[in-house]
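Given next are the chains, with one letter for each unit.
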Amino acid sequence: MLSTIGIHESVGAVFRPEALRDALEDIDPDVRIVSTGDLGGCDALVTLAYDNAFLEADLEWIHSIQAGVDRFPFDALESTGITLTNSTGIHGDAVGETVAGYMLSFARGLHHYRDNEADHEWDRQDWDVPFTLGEESVCVVGLGTLGRGVAARADALGMDVVGVKRTPIPVDHVGTVYPSGELKTTVAEARFVVVTVPLTDRTEGLIGTAELSAMRSDAVLINVARGRVLDQTALVDALETGTIGGAALDVFETEPLPADSPLWGMENVIVTPHAAAATGAYYRRIATLVRENVRRRDDGEGLANRVV
Ligand code: NAD
């Protein structure tokens, strides 16, 4: 039985730590908000950040409030005997809606009008620039929680949806699923390419010069996965040379995106601050995952969303 679950103060970047603590009032272990220097007595930790000090503490279990756990050292956790679980499964709706928003903005020119509004400027886009999503196609690269959330919303908007998956089995709301080996030919057809794969050794730099060059000149690249899945230098080059038509980016090689990044100044780029999954309900979803895994642990079952 767990005695104390720490909620690491780093979760404060996503929601109020007290909100999660209060939502977990009903479970047996004590739940308290902790800092890295104050992990004594905790046998489990719910966290956003990773610190090597976690390996020195007496933790049995760490739960990441993010789906992406690329910042965690799997081998070191395994050899220390710490179980790692992640928050895959809870972001399909929020990220799906954010991606739908990016696509609608490009189709209807909303970000241009919002920019003009700052200058009190009444100026329509050229007659042949706006389009409607129902006549367009989207290629979703990675069909897990995020990818399926995007596909469902794109399908509801009447778009032609294709996807790329390591094992190309049928997926709801996706017209055709192609194997990863066909990535370059699959992205070539789409007006929008949405990247939703985890960052791993195999996906780092997955979208680089070759893939960007294969895309349509009016295509928009959307990255809601991790910055390093995309070669950001190659992307800037593709945008500057008109190889592709635009980008919507929530994640970057370096976060926060440095003030001198050329991406900030590009009219055909939407930058959001790693906020695609944000929702006021986030802490409740984490509470549900943590509560379920406390129950599983008590009942001797394997933990859900176990990574290590
Ligand atoms: P998930 O585990 O549900 O889905 C990931 C999918 O990618 C799986 O289906 C997996 O098979 C597939 N995949 C892995 N490698 C692939 C490859 N080479 N080609 C094609 N498919 C591949 O995870 P998720 O919840 O959908 O999240 C995916 C990633 O998105 C996370 O790891 C995280 O890095 C990122 N993410 C970002 C935000 C945000 O706020 N922007 C929010 C949640 C997740």
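See the structure shown above.
Reading the values: the criteria
- Per chain, residues are indexed from 1 in the order of the written sequence.
- For a predicted model such as this one, the threshold for reporting local features is a pLDDT of at least 70, and the threshold for listing and counting side-chain atom pairs is 80 or more; totals across whole chains, interfaces and linings nevertheless cover every residue.
- In computing side-chain properties, one takes all heavy atoms of the structure into account and sets aside hydrogens as well as water.
- Only when DSSP finds a minimum of two bridges between them are two strands counted as paired.
- Secondary structure counts use DSSP, requiring at least four H or I residues in a row for a helix and at least two E residues in a row for a strand, with both numbered from the N terminus.
- In this analysis an axis means a line fitted to C-alpha atoms, helices contributing only their contacting stretch, and an angle means the value between N-to-C directions, from 0 to 180 degrees.
- What makes two residues a contact is simply this: any of their non-hydrogen atoms within 4.5 Å.
- Put simply, a patch holds well-exposed residues, over 30% relative accessible area, that have no salt bridge, with like charges counted together within 9 Å and Val, Leu, Ile, Met, Phe, Trp or Tyr side chains within 5 Å.
- The Shrake-Rupley method, run with a 1.4 Å probe sphere, supplies the accessible areas, and residue values consider only the shown protein chains as cover.
- Here, a salt bridge means any side-chain nitrogen of Lys or Arg that lies within 4 Å of a carboxyl oxygen of Asp or Glu.
- We score Asp and Glu as negative and Lys and Arg as positive, and we do not count His or the chain ends.
- Taken as the charge location is NZ of Lys, CZ of Arg, CG of Asp or CD of Glu.
- The definition of a polar contact used here is a pair of N or O atoms within 3.5 Å, where within protein one atom must be able to donate a hydrogen and the other to accept one, and adjacent residues in sequence count solely through side-chain atom pairs.
- Here a residue counts as near a molecule or strand whenever at least one of its heavy atoms sits within 4 Å of it.
- These domain limits were set by an automatic method or by a database of domain assignments.

Draft legend 1. Spotlight on the sheet that holds strand 11 (residues 246–249). Strand order across the open sheet formed by 7 strands is 8-7-6-9-10-11-12, with parallel pairing between neighbours. Each edge of the sheet is formed by a strand with only one pairing partner; in this case those strands are strand 8 (176–179) and strand 12 (269–271). Neighbour-to-neighbour, the strand axes of this sheet turn through a mean angle of 15 degrees, independent of strand direction. Relative to strand 11, strand 10 (residues 220–223) runs parallel, the two sharing 4 bridges. Note on strand 11: the bridge partner recorded for V220 is G246. Contacting strand 6 (137–141), strand 9 (192–195), strand 10, strand 11 and strand 12, helix 4 (residues 92–108) runs over the sheet at an angle of about 155 degrees to strand 11.

Draft legend 2. Quick peek at a negative patch on the surface. Taken together, D115, D119, E121, D123, D126, D128 and E267 make up a surface patch of like negative charges. With respect to the element layout, D128 can be found in the loop between helix 5 (110–118) and strand 6.

Draft legend 3. Here's a closer look at the side chain of S87. Here S87 shows up in the loop between strand 5 (83–85) and helix 4. Here the side chain of S87 touches S64 through a polar contact of 2.6 Å, landing on its backbone oxygen. Look past the residues within four positions of S87 in its chain and what remains in contact with it is H63, S64, I65, Q66, A67, I286, L289 and N305.

Draft legend 4. Looking closely at the site of the ligand. Around the ligand, a shell composed of 24 residues is seen, among which T145, L146, R166, V224 and D250 lie nearest. The side chain of T145 places a nitrogen or oxygen atom 2.9 Å from an oxygen atom of the ligand. Between the ligand and V224 there is a distance of 3.0 Å, counted from a nitrogen atom to a backbone nitrogen or oxygen. Inspection of the shell around the ligand shows a minimum of three residues originating in each of domain 1 (4–90 + 279–298) and domain 2 (92–271).

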